Amino acid sequence: MKRALSLVIFLLTLTFNSYAINVKNPVDYVNTLVGSASKSELSTGNTYPAIALPWGMNFWTPQTGKMGDGWTYTYGADKIRGLKQTHQPSPWINDYGQFSIMPVVGKKVFDEEGRASWFSHKAETATPYYYKVYLADYDVTAEISPTSRAAAMRITYPQTEEAYLVVDAFDKGSSVTIMPDKRTIIGYTTKNSGGVPANFKNYFILRFDHDFSFVGSIEDGKLSEGKTSTTCNHAMAIVGFRTKRGEQVNVQVASSFISNDQALRNLKEIEGKAFDEVKTEGRKEWNNVLGRIEVEDDNIDHLRTFYSCLYRSVLFPRSFYELDEQGKPIHYSPYNGQVLPGYLFTDTGFWDTFRSLFPLLNLVYPSMNEKMQAGLVNAYKESGFLPEWASPGHRDCMVGNNSASVVADAYIKGLRGYDIETLWKAVVHGANAVHPTVSSTGRKGFDYYNRLGYIPYNVGINESVARTLEYAYDDWCIYQLGLKLGKSAKELKPFKLRAMNYQKVFDKETGLMRGRNENGSFQSPFNPFKWGDAFTEGNSWHYTWSVFHDPSGLAKLMGGYDKFNAMLDSVFLLPPIFDDSYYGFTIHEIREMQIMNMGNYAHGNQPIQHMIYLYDYSGQPWKTQYWVREVMDRLYTPQPDGYCGDEDNGQTSAWYVFSALGFYPVCPGSTQYMIGTPYFHKVKVHLENGKTITIKADKNDAENRFIQRITMNGQPYPHYYLKHEQLLSGPAIDFTMCDKPVK
């Protein structure tokens, strides 16, 4: 009897433990391969496994794609060409400052096709802080563990007289120098995809713990044995070792955008540390950053998806600054080519990330965004404009002037310690100018917009409605920032008025946003399912909702909340009709909408991601709750095909992170978060001010997605929004869930 009772207690304990997984080491739930099963025709994330520290300057990744291919690692590939230092934010933007390291055995093969080795995911370990792979063609195991600007590598060779390591500095201008007496290789790469001055270089240094039994340099495909240096179009170095089976060659590598001396200084991040020490420190750092949000739940797949998304949310923007001999931040400027003091960050497109990535930083990691804001000050001083898409300098990509949102949201939510007055000048300037060579920076068409209140459809400026809608929202952000800074009514009047310019492109006949000609007439013919044209990577059904700052005003234009709700419903009820004639082919964003079985809702791209939360404004919050849960359950997984479109530098991931907490920042620049539906049983958000937000959801499971009741600090809470200042106080928010809408 006692044995039977003990067994019952044991089984109950197991049941309880499986019901409530309290995550203590969140990095163990991250799958860095999520989103890597992608291709240009269909994105499931368009990611690569970034081996890096949070916001690190250098990332590392196994390289399966050819040199220069934006799809640097794809899950379906069979061979690895090297372990590559990368700074790539997106396959569409591509890489810069990259070089690759590859162990080989036997023949001195160095070109990327010849040296590539078969590998298997079954013999691959991929975490944020550590990567390990078995290179089958060489019977070699390669490991790497990073710091922000350096990395430790460990190569385990078989018994051979012919163990080699290839350092590929890539083409378009590179250099390598081998220093056998110092067991060191130095060099630089200039390879880039744009956004850099003429003097751009990434200087690298590799230091080994073994003597070299062979040295050689490769100049544009020709090996010169014994030659220790070359500078050419495509430089490579190859060094050899004599190894016993299982012998490990350790390599410490660092790089700098400033100089060889600075690269050596950056190597101090790991100098004197064993490989496992670097690995342990990286694991600790990731647990500290991811552990700011502590989740308790019974669904391990949801936990894996959440922490994989949070991992993606703290990679970009990457640090583009280094530390001088006094430990002070300095940076090479990709805007003017000078080495200057202060912070700089890069590799983000504000068109994507203003929506929820930067609001997540402002809530959970504000001190990091304070550094980023200081970096924006420097970007403006060095180039005359705030970046809209930076990689590493200005890139001509996307539309909008959403740097205004990024600046306003940070300051309005209490971030301080940087030169806000310079940023004020920057946002005002950017609203009334366009970059002379990069037209996506500043405001293309600002003269039309300021004069007419919209950018005309027929004046040769593509995506005119998208630009108009985003400029109007950005003007509202500038107005709100100006109010916070105490600017005069006269100075703020233009921005206050222009914030309503979204009304100028609303067509009452169709109830949708529509291109408008210079003479005031609307474009004709008009197909609301046509992607591109007057819109950016979307159609009118997607962009009509881009009135983040005035949903009630949009509802009024539509004829009231009943019609507003009917139009919201229509997005899901319509079949996935599309017109791709503007592009001449079906772009991947269209295909991703088509195959998801959610009508014309296109979560795989950013313009419509906030739309589900608009039901909160119009008196039907249960529809927000329903559709948020549908998206989270159906369109995100912890697998290599885990996204429903481009992940986009943390934006699509930050949407999931916020939505899992149960609220979302529909309108950055305000202090309001709209309530959706909590995903987990219990969450603690540990804030930098020492407070903790505690979110509990009673009866929360797959069936109970609807909110029956909310309390805050034990008191009934009647609203479907939360205020930033409430969250900063560390409230206890309790949701009681049910299986039917509460109307």
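This one's a predicted model, so the numbers in the text were calculated from it and none came from an experiment.

Participant: Can you help me understand the sheet that holds strand 36 (residues 721-723) in this one?
Facilitator: In any sheet, the strands associate via hydrogen bonds between backbone groups, in a parallel or an antiparallel arrangement. With respect to topology, three strands assemble into an open sheet ordered 30-31-36, the strand pairing being antiparallel. Each edge of the open sheet carries a strand with a single partner, namely strand 30 (663-664) and strand 36. Across three bridges, the pairing between strand 31 (residues 672-675) and strand 36 is antiparallel. Across the sheet, the residue bridging to Q672 is K723, located in strand 36.

Participant: How should the pattern of salt bridges be read in this particular structure?
Facilitator: Here the idea is simple: oppositely charged side chains can pair when their charged atoms come close. Summed over the entire model, instances satisfying the criterion amount to 33 salt bridges. Between R283 and D28 there is a salt bridge, and its shortest N-O distance comes to 2.6 Å. One end of the pair, R283, is in helix 4 (residues 275-290); the other, D28, is in the loop between strand 1 (21-22) and strand 2 (59-63), with 255 residues separating them in the sequence. By relative accessible area, which is 45% here, D28 ends up partly exposed.

Participant: Explain the packing of helix 9 (residues 403-412) against helix 10 (residues 420-430) here, please?
Facilitator: Between two packed helices, both the angle of their axes relative to each other and the distance between the axes serve to describe the pair. Across the interface, helix 9 lies against helix 10 with an axial gap of 10 Å and an inter-helix angle of 150 degrees. Judged by the angle between their axes, helix 9 and helix 10 are roughly antiparallel. Read as a crossing pair, helix 9 and helix 10 show a hand that is left-handed. Counted together, A404, V407 and Y411 of helix 9 and I420, L423 and V427 of helix 10 form the full contact between these two elements.

Participant: It is not clear to me how the layout of surface pockets should be interpreted in this structure. Could you clarify?
Facilitator: Where empty space is left in the structure can be found by rolling a water-sized probe over the atoms. If you add up the space inside the largest pocket, you get close to 330 Å³. In terms of lining, the largest pocket is formed by 18 residues, of which the most central are W92, M398, E537, H588 and E589. Secondary-structure elements contributing two or more residues to the lining of the largest pocket are helix 6 (350-353) and helix 17 (588-595). Looking at side-chain class alone, the lining of the largest pocket contains nine nonpolar, four polar and five charged residues.

Participant: Is there a simple way to think about the packing of helix 9 against helix 12 (residues 464-485) in this case?
Facilitator: Two numbers describe how helix 9 lies on helix 12: the axes approach to 9 Å, and their chain directions differ by 30 degrees. The chirality of how helix 9 crosses helix 12 is left-handed. Along the contact surface, helix 9 presents A404, S405, V407, A408, Y411 and I412, while helix 12 presents Y473, D474, C477, I478, Q480, L481, K484 and L485. Class assignment of the residues belonging to the contact of helix 9 with helix 12 gives a composition of 10 nonpolar, two polar and two charged.

Participant: I tried to follow the state of the cysteines on my own but got confused; where do I start?
Facilitator: Disulfide: a covalent bond formed between the sulfur atoms of two cysteine residues. Counting across every chain of the model gives zero disulfides. Note on C477: no disulfide assigned, nearest cysteine sulfur contributed by C667 at a separation of 6.1 Å. The exposure class assigned to C477 is buried, which follows from its relative accessible area of 0%.

Participant: Looking at this structure, how should I read the packing of aromatic side chains?
Facilitator: Think of a pair of aromatic rings as described by two things: how far the centres are apart, and how the planes are tilted against each other in angle. According to the stated counting rule, one finds 49 aromatic pairs in the structure shown. Each ring, one from Y157 and one from F241, has its centre 6.1 Å from the other, and the planes form 45 degrees; the classification is tilted. Of the two residues, Y157 is situated in the loop between strand 10 (150-156) and strand 11 (160-168) and F241 in strand 18 (residues 235-243); the sequence distance between them amounts to 84 residues. For F241, a relative accessible area of 1% puts it in the buried group.

Participant: What should I look at first to understand the nonpolar core in this one?
Facilitator: Burial of nonpolar side chains together is a common tendency in soluble globular proteins. By size, the foremost hydrophobic cluster in this structure holds 216 residues, and its most contacted members are F208, I293, F306, M513 and W545. At 10 residues, the largest contribution of residues to this core is made by helix 12. Excluding residues that lie within four positions of it along the chain, M513 makes contacts with V465, L469, Y502, V505, F506, F526, F535, S540, Y543, T544, V547 and L554. Core analysis: the second largest hydrophobic core is formed by 12 residues, Y96, F257, Y332 and A379 among them.

Participant: What's the story with the confidence of the model for the chain in this structure? I'm lost.
Facilitator: Detailed reading of predicted coordinates is not advised where the pLDDT is low. Across the chain, the average pLDDT comes to 96, with 97% of residues at 70 or higher. Counting interchain partners and residues more than four positions distant, the pLDDT-below-50 stretch residues 4-18 has one contact.

Participant: Would you mind showing me how to read the pairing of strand 14 (residues 202-208) here?
Facilitator: Remark: a regular strand shows side chains that alternate across the two faces of the sheet. Most of strand 14 is tucked away, with six of its seven residues classed as buried. The sheet contact formed by strand 13 (residues 184-189) and strand 14 spans six bridges and is antiparallel. Following the sheet pairing, T189 is matched in strand 14 by N202. For strand 14 and strand 19 (residues 248-256), the ladder comprises six bridges, and the chain directions are antiparallel.

Participant: Just checking my understanding: could you explain the sheet that holds strand 34 (residues 706-712) for this structure?
Facilitator: If you trace the seven strands from one edge of the open sheet to the other, you get 1-20-32-33-37-34-35, paired in mixed fashion. Because the sheet does not close on itself, it has two edges, and the strands there are strand 1 and strand 35 (715-716). Bridge count between strand 32 (residues 682-686) and strand 33 (residues 692-698): five bridges; the pairing is antiparallel. Across the sheet, the residue bridging to K684 is T694, located in strand 33. Docked against the sheet, helix 5 (residues 300-313) engages strand 1 and strand 20 (293-297), running at close to 165 degrees with respect to strand 20.

Basis of the calculations
Residue positions within a chain follow its written sequence, with the count starting from 1. Restriction of local features to residues with pLDDT of at least 70 applies here, the model being predicted, together with a cutoff of 80 or more for giving and counting side-chain atom pairs; totals for whole chains, interfaces and linings are based on all residues. With hydrogens and water set aside, each side-chain value is computed from the structure's full complement of heavy atoms. In this scheme, strands are said to pair when DSSP sees at least two bridges between them. Helical segments are the DSSP runs of H or I of at least four residues, strand segments are the runs of E of at least two, and each set is numbered from the N terminus. Within this document, salt bridges are pairs made up of a side-chain nitrogen of Lys or Arg and a carboxyl oxygen of Asp or Glu, the two lying within 4 Å of each other. Each residue is assigned to one of three classes by its accessible area relative to the maximum for its type, calculated with a 1.4 Å probe on protein chains only: buried under 20%, partly exposed between the two thresholds, exposed over 50%. Each axis is a line fitted through C-alpha atoms, and for a helix only the stretch in contact is used; angles between axes span 0 to 180 degrees, taken between their N-to-C directions. What sets the label is the angle itself: under 35 degrees gives roughly parallel, over 145 gives roughly antiparallel, 65 to 115 gives roughly perpendicular, and the rest give oblique. What makes a crossing left-handed is the near helix being turned counterclockwise from the far one by less than a right angle; a clockwise turn instead makes it right-handed. Contacts are assigned to residue pairs with any non-hydrogen atoms lying within 4.5 Å of each other. A pocket, in this scheme, is an open set of points on a 1 Å grid over the protein atoms alone with protein on both sides within 12 Å along at least 5 of 7 lines, while a cavity is a set where a 1.4 Å probe fits but cannot get out; residues line either one if an atom lies within 4 Å of a point. Grid points are joined across faces, edges and corners, and a volume is the space filled by probe spheres set on the points. Think of it as three bins: nonpolar holds Ala, Val, Leu, Ile, Met, Phe, Trp, Tyr, Cys and Pro, charged holds Asp, Glu, Lys and Arg, and polar takes everything else, Gly as well. The criterion for a disulfide is a pair of cysteine sulfur atoms lying within 2.5 Å. Stacked, tilted and edge-to-face are the three classes assigned to paired rings of Phe, Tyr and Trp, where Trp is represented by its six-membered ring and a pair needs centres within 6.5 Å; plane angles under 30 degrees give stacked, over 60 edge-to-face, the rest tilted. Think of a nonpolar core as a cluster: buried Ala, Val, Leu, Ile, Met, Phe, Trp, Tyr and Cys residues, connected wherever their side-chain atoms sit within 4.5 Å. Residue-level confidence of the predictor, termed pLDDT, takes values from 0 up to 100.

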